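# Summary of structural features
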Amino acid sequence: MNAHAPSPRLADHAIDPIFLNRHSPRAFTEATLTEADLLALLEAARWAPSASNNQPWRFAYGLRGDAGFAKIADTLVPFNCAWAEKASALVVIASKSTVEKDGVANPNPWAAFDAGAAWMSLALQAHLKGLFAHAMGGFDKAKATDLLGVPADYTLHAVVAIGTQGAADTLPEGLRAREVHSPRHPLSEIAKHGSF
Ligand SMILES: Cc1cc2nc3c(=O)[nH]c(=O)nc-3n(C[C@H](O)[C@H](O)[C@H](O)COP(=O)(O)O)c2cc1C
């Protein structure tokens, strides 16, 4: 799949092509990314909306070749590590699950929802920069907590691999056929007028 070719996905209604072209490849080149390049993606995430503007998202990142990258890669399940270790950066997405009010830490029930918005901002900004971001739930949370010093009131959500898309034939054989743009349920199935 050519990273710059238009997506074969078809929308039910007219939308900006970025929503169809953004996807989650597993084939990454082993390109490096500067810290400034990565911070520009996290900057986009920072401007996501959140309940009461609490901004619960938290990030820990590593750049290809550094100790942070190696630590995060070490938390990935083998299936993910097999391809994500070629990415240019790995970002752990967490959220702070409490919010302080009058000196008391109260649960923030919207923290995960807000962290999801931040991840999508990151993914779209990556796309605008000619990069791809691939989220992974397949990582060892206990290991990540230990290796990355995750505070007790943080919830870990995903590790995101970011990089330049490579050729599908650089992937282990079992993954090559999965390097396609995935479909979606019809809008009429997931959006109902007036009730669920
Ligand atoms: C929270 C989350 C967890 C995911 N976990 C994994 C994973 O562990 N391994 C993987 O290869 N892909 C993972 N994915 C990628 C999804 O499979 C992918 O986003 C989905 O199939 C839709 O494809 P698209 O992003 O290319 O549109 C994950 C995506 C999200 C948002």
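Everything in this summary refers to the structure shown in the same document. (Residues numbered from 1 in each chain as written. Predicted model: local features only at pLDDT ≥ 70, side-chain atom pairs only at ≥ 80, totals over all residues. Heavy atoms only, no water.)

### Notes on the sheet that holds strand β5 (residues 132–136)
Strand pairs in the sheet, formed through backbone hydrogen bonds, run parallel or antiparallel to each other. Reading across from one edge, β1-β2-β6-β5 is the order of the 4 strands in this open sheet, with antiparallel pairing throughout. Each edge of the sheet is formed by a strand with only one pairing partner; in this case those strands are β1 (57–63) and β5. Between one strand axis and the next, the sheet turns by 25 degrees as a mean value, whatever way the strands run. Where β5 meets strand β6 (residues 154–163), 5 bridges bridge the pair, whose relative direction is antiparallel. Across the sheet, residue Met136 finds its bridge partner in β6, namely Val159. (Pairing = 2+ DSSP bridges. Helix = DSSP H or I, 4+ residues; strand = E, 2+ residues; numbered from the N terminus. Axes fitted to C-alpha atoms, helices over the stretch in contact; angles between N-to-C directions.)

### Focus on the nonpolar core
Trp83, Ala84, Leu90, Met136, Leu156, Val159 and Ala161 are the most contacted members of the largest nonpolar core, which totals 22 residues. Elements that contribute at least two residues to this core include exactly α3 (67–75), α4 (78–84), β2 (89–96), β5 and β6. The residues touching Ala84, leaving out its near neighbours within four places in the chain, are Phe69, Leu76, Leu90, Met136 and Ala161. Counting 21 residues, the second-largest nonpolar core is a separate cluster that includes Leu41, Ala115, Leu122 and Ala123. (Core = buried A, V, L, I, M, F, W, Y, C linked by side-chain atoms within 4.5 Å. Buried < 20%, exposed > 50% of the residue type's maximum accessible area, 1.4 Å probe, protein only. Contact = heavy atoms within 4.5 Å.)

### What to know about the packing of helix α2 (residues 35–46) against helix α5 (residues 111–128)
Remark: α2 packs on α5, axes separated minimally by 7 Å, with the N-to-C direction vectors making an angle of 135 degrees. Looking at the two axes, α2 sits oblique to α5. α5 is crossed by α2, and the crossing has right-handed handedness. Contacts between α2 and α5 involve Ala40, Leu41, Leu42, Ala44 and Ala45 on the former and, on the latter, Ala118, Ser121, Leu122, Gln125 and Ala126. Per-class residue counts for the contact of α2 with α5 are 8 nonpolar, 2 polar and no charged. (Parallel < 35°, antiparallel > 145°, perpendicular 65-115°, else oblique. Left-handed = near helix turned anticlockwise from the far one by under 90°. Nonpolar A, V, L, I, M, F, W, Y, C, P; charged D, E, K, R; others polar.)

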